[in-house]
Amino acid sequence: MEGVLSAVPRLSVWVILVKFGSQNAYVPKRPHLAYYLRMSNQVTSRSLASRLRERLQSVSPFSLTLLGLVGVLGNIFPQVEILKLFHVFWFFAFWPFVSMLISGSKQSIGLDTDDEAGPRDWLDMDSGWRGHLAFLLGVPLSFFNPLVFRQDAMQLLGSLVAIGRHRGSLPEPETHAQSTDYRLPVEGTWTVVNGSPIKEHSHSWFPATQRYAYDFVITDEEGRSRPAGTDTSIENYYCYEEPVLAPADGVVVDVHDGDPELGRAGGFSHPFKRSMTGNAVTVRHAEDEYSCLVHLVPGSIEVEPGDSVTRGERIGRCGHSGNSAEPHLHFQVQDHPTFEVSAGLPVRFHGVDVDTPGVDVTEQTGWTEPDGSGRYVHVGQRVSAPSGGEPTRRDDTAGSSEAMASSGLSRARMLGRVGIGFSIGGFVTVLAGAIAPSLQTVALALAALAGLGLFYQVGRDLIDGNRIGFGSLGTVCGVGVASALVGAFAAQDIFTTLDSSGVGTGMFVTGFLLYIAVWEYGQRDLFQVISGVADK
């Protein structure tokens, strides 16, 4: 996933001057107590002002999207209809796209006036106007794809949940105590093209889930991710179909497979993807520590929810599914089993060799790595894990505890998918209501969407030879419930003061809360069983 990098001015020198500049003035030899109190108040107020200024400057314009939720109150309560003006803040959701487009366009036509060398300058990857055109074409497709938009919106709301879970202070390298020794999730030498624990070079400082994520590719000595002179077919990329490994011992808690991938890269991703993560695996390693491995090749995943995995075990192959400009592995460690509502955790890797062909961001920013075992890696570095031979696969025979964990996870995933489907129904209600305000029409549109989803899912299971289970139809069931509920509202004239946007927004939030509740239950109760499996 392409990170959105935000630069924050360095204010340390200014703060020091403000805080200690008064020391250059004449000071009486025996000042009164009032003098000390006055100076203390000045320092305190100035220090508070500088901290407030730094905090305001660190706010991403993307986070202003949250103010759009205030506009929903104007839809629900006619007495405060003026609050609908806050809907304008929804346009800040496009800020990452606009900022990347402006930055990339300036670089493409030679108007970038920033002469400071960057950690990625030595790389020669797909860029230029073709890549930006591909990106622009993908934006509307993603926005009007209810499956992807649902995930984007839940990421935004989930960041608030994560901030609340950590009482306003998200994990940082200086404060986070890592419980597990992680290896690189790959073998051989790979290049970090996105990611660092340093804010200025983070994969994406906001949303919170991707704050400490990494994007890995394989490059040659010239920094190319595919041989010179080859086209953008995904098979030409060095990392495509390379094994992806479990970074530590753990238990698989979630798997998403079957998402399509486009045969071409160069900035293009599949227009009808069902998830921004594409095919992905989530593994629980310790309490509140989960790894997430993303953009895998469809059909390559070799594990299922409830499986125990060992460090270095192969779980899939690197691919181009989901939001992917070219084949790569997106890897992150998070504090929650769900991608959308988790907070990213800074991760130290053990047994990793690092080479920095270009700019060292730690020297450039003056960042000092906190004490601890393992080491952080940064964008622009080539990283290598010692070869441990052929990646291992475990015995497929499951014990009783593992079978119990698998059964419980299936129920959690099914109920979570119902919540996802209900949220998708809410999003479609808002869109359909903009075209046909009648709730009866919206209910019919939702019913048609549920029918298409049922036909697609059953047909795919039959073609693939899989057993048709209720769990795989959870999302379809959620949309069906949304359709029935909107139809009941229309038939009984319930919530007559609400328009379709108010009803749809309420349904989206309700589905989101159900999704959170299901996995919170899973974290507290079900994972006690999983812990027993991991211990064994």
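## Regarding the overall build of the chain
Stage number 1. Helix and strand counts for the chain stand at eleven helices and twelve strands.
Stage number 2. Across the chain, every contact between residues at least 6 apart in sequence was considered, and the portion connecting residues at least 24 apart equals 77%.
Stage number 3. Accessible area for the chain stands at about 25800 Å²; split by element, carbon and sulfur atoms hold 59% of it.

## Remarks on helix α3 (residues 68–76)
Each α-helix turn comprises 3.6 residues. Residues three or four places apart therefore point the same way.
Stage number 1. Where α3 is concerned, the buried positions are Gly 68, Gly 71, Val 72, Gly 74 and Asn 75. For α3, the angular spread of buried residues about the axis comes to 155 degrees, placing them on one side.

## Describing unusual backbone geometry
Stage number 1. Phe 206 connects to Pro 207 through a cis peptide bond whose omega is 10 degrees.
Stage number 2. Note on placement: Pro 207 falls in the loop between β1 (188–194) and β2 (214–217).
Stage number 3. Positioned with a positive phi, Glu 241 is a non-glycine residue whose angle comes to about 70 degrees.
Stage number 4. Mapped onto the fold, Glu 241 is located in the loop between β2 and β3 (243–245).

## Considering a nonpolar patch on the surface
Stage number 1. Together, Leu 73, Ile 76, Phe 77 and Val 80 give the surface a local cluster of nonpolar side chains, amounting to about 300 Å² of exposed area.
Stage number 2. Among the secondary structure elements, Ile 76 is positioned in helix α3.
Stage number 3. Owing to a relative accessible area of 30%, Ile 76 belongs among the partly exposed residues under this scheme.

## Focus on the environment of Tyr 376
Stage number 1. Within the secondary structure, Tyr 376 is located in the loop between α7 (361–365) and β12 (382–385).
Stage number 2. Classification of Tyr 376 by relative accessible area gives buried; the value is 3%.
Stage number 3. Between the alpha carbons of Tyr 376 and Val 352 there is a distance of 9.4 Å; along the sequence they are 24 residues apart.
Stage number 4. Not counting residues up to four positions away in its chain, the partners in contact with Tyr 376 are Pro 173, Pro 197, Pro 346, Val 347, Arg 348, Trp 367, Glu 369 and Pro 370.

## Structural notes on the side chain of His 203
Stage number 1. Mapped onto the fold, His 203 is located in the loop between β1 and β2.
Stage number 2. At 2.9 Å, the side chain of His 203 and the side chain of Ser 204 are in polar contact.
Stage number 3. A polar side-chain atom of His 203 sits 3.1 Å from a polar atom in the side chain of Asp 215.

## Some points on the side chain of Gln 334
Stage number 1. Within the secondary structure, Gln 334 is located in strand β9 (residues 329–334).
Stage number 2. A distance of 2.7 Å separates polar atoms of two side chains, one belonging to Gln 334 and the other to Gln 332.
Stage number 3. Polar contacts involving the side chain of Gln 334 include one to the main-chain carbonyl oxygen of His 336, which spans 2.9 Å.
Stage number 4. Beyond its immediate sequence surroundings of up to four residues, Gln 334 is in contact with Thr 209, Thr 282, Asp 288, Glu 289, Tyr 290, Cys 292, Phe 339, Ser 342, Ala 343, Gly 344 and Leu 345.

## Describing helix α6 (residues 146–165)
Stage number 1. Helix length check: α6 (20 residues) gives 27 Å between terminal C-alpha atoms against 28 Å at 1.5 Å per residue, within 8%.
Stage number 2. Along α6, the sharpest change in direction is near 25 degrees and occurs at Leu 157.
Stage number 3. Of all the residues in α6, the buried ones are Pro 146, Val 148, Arg 150, Gln 151, Ala 153, Met 154, Gln 155, Leu 156, Leu 157, Gly 158, Ser 159 and Ala 162.
Stage number 4. A distance of 3.0 Å separates the backbone nitrogen of Leu 147 from a side-chain oxygen at the start of α6, and that oxygen is part of Asn 145.
Stage number 5. Just past α6, the residue Arg 167 takes up positive phi, approximately 55 degrees.

## Some points on the confidence of the model for the chain
Stage number 1. Confidence in the prediction of the chain, expressed as mean pLDDT, is 80, and 72% of residues score 70 or more.
Stage number 2. In this model residues 2–46 is a low-confidence stretch, pLDDT under 50, and it forms 40 contacts with partners more than four residues away in sequence or in other chains.
Stage number 3. Scored below 50 in pLDDT, residues 394–400 makes four contacts in the model with residues more than four places away or belonging to other chains.

## Digging into the pattern of salt bridges
Stage number 1. Under the definition given, this model contains twelve salt bridges.
Stage number 2. Across the pair Lys 84 and Glu 81 runs a salt bridge whose closest N-O atoms are separated by 3.5 Å.
Stage number 3. One network of salt bridges, in which partners are shared, links Asp 220, Glu 222 and Arg 224.

## Some words on the state of the cysteines
Stage number 1. As enumerated under the stated definition, the model contains zero disulfides in all.
Stage number 2. Just so you know, Cys 318 is unpaired, no disulfide at all, and the nearest cysteine sulfur is the one on Cys 239, 3.8 Å from it.
Stage number 3. For Cys 318, a relative accessible area of 0% corresponds to the buried category.

## As for the packing of aromatic side chains
Stage number 1. In total, this model carries seven aromatic pairs according to the counting rule given.
Stage number 2. Seen in terms of ring centroids, Phe 86 and Phe 89 are 5.8 Å apart; in terms of plane orientation they differ by 25 degrees. Their pairing is stacked.
Stage number 3. We classify Phe 86 as partly exposed; its relative accessible area is 28%.
Stage number 4. Exposure remark for Phe 89: the relative accessible area of 22% places this residue in the partly exposed category.
Stage number 5. Members of the aromatic cluster, connected to one another through ring pairs, are Tyr 214, Phe 216, Phe 331 and Phe 349.

Parameters at a glance
Counting from 1, residues in each chain are numbered in the order their sequence is written. Reporting of local features is limited, given that this is a predicted model, to residues whose pLDDT is at least 70; pairs of side-chain atoms are given and counted only at 80 or more, and all residues count toward the totals for whole chains, interfaces and linings. Side-chain measures here rest on the full set of heavy atoms in the structure, leaving out hydrogens and waters. Helix numbers and strand numbers start at the N terminus; a helix is a DSSP run of H or I with at least 4 residues, a strand a run of E with at least 2. Working rule for contacts: check all heavy atoms of both residues, and any pair within 4.5 Å makes them a contact. Using a 1.4 Å probe, accessible areas were evaluated by the Shrake-Rupley method; residue-level cover was limited to the displayed protein chains. Only protein chains enter the calculation, and the probe is 1.4 Å; a residue is then buried if its accessible area is under 20% of its type maximum, exposed if over 50%, and partly exposed in between. Summarising the geometry, the arc corresponds to the directions from the helix axis toward the C-beta atoms. Patches were defined on residues exceeding 30% relative accessible area and lacking a salt bridge, with like-charge contacts within 9 Å and nonpolar side-chain contacts (Val, Leu, Ile, Met, Phe, Trp, Tyr) within 5 Å. What counts as a salt bridge is simple: a side-chain nitrogen of Lys or Arg found within 4 Å of a carboxyl oxygen of Asp or Glu. Residues adjacent in sequence count toward polar contacts only when both atoms are side-chain atoms; beyond that, a polar contact is any pair of N or O atoms within 3.5 Å, and within protein one must be able to donate a hydrogen and the other to accept it. Helix span, expected: 1.5 Å multiplied by one less than the number of residues in the helix. Bend at a residue means the angle formed by two fitted axes: the first through the 7 residues ending at that position, the second through the 7 residues beginning there. The score called pLDDT rates the predictor's confidence residue by residue, from a low of 0 to a high of 100. Any two cysteine sulfur atoms within 2.5 Å of one another count as a disulfide. Only Phe, Tyr and Trp rings take part, Trp by its six-membered ring, and two of them pair if their centres are within 6.5 Å. Stacked means planes under 30 degrees apart, edge-to-face means over 60, and tilted covers everything else.

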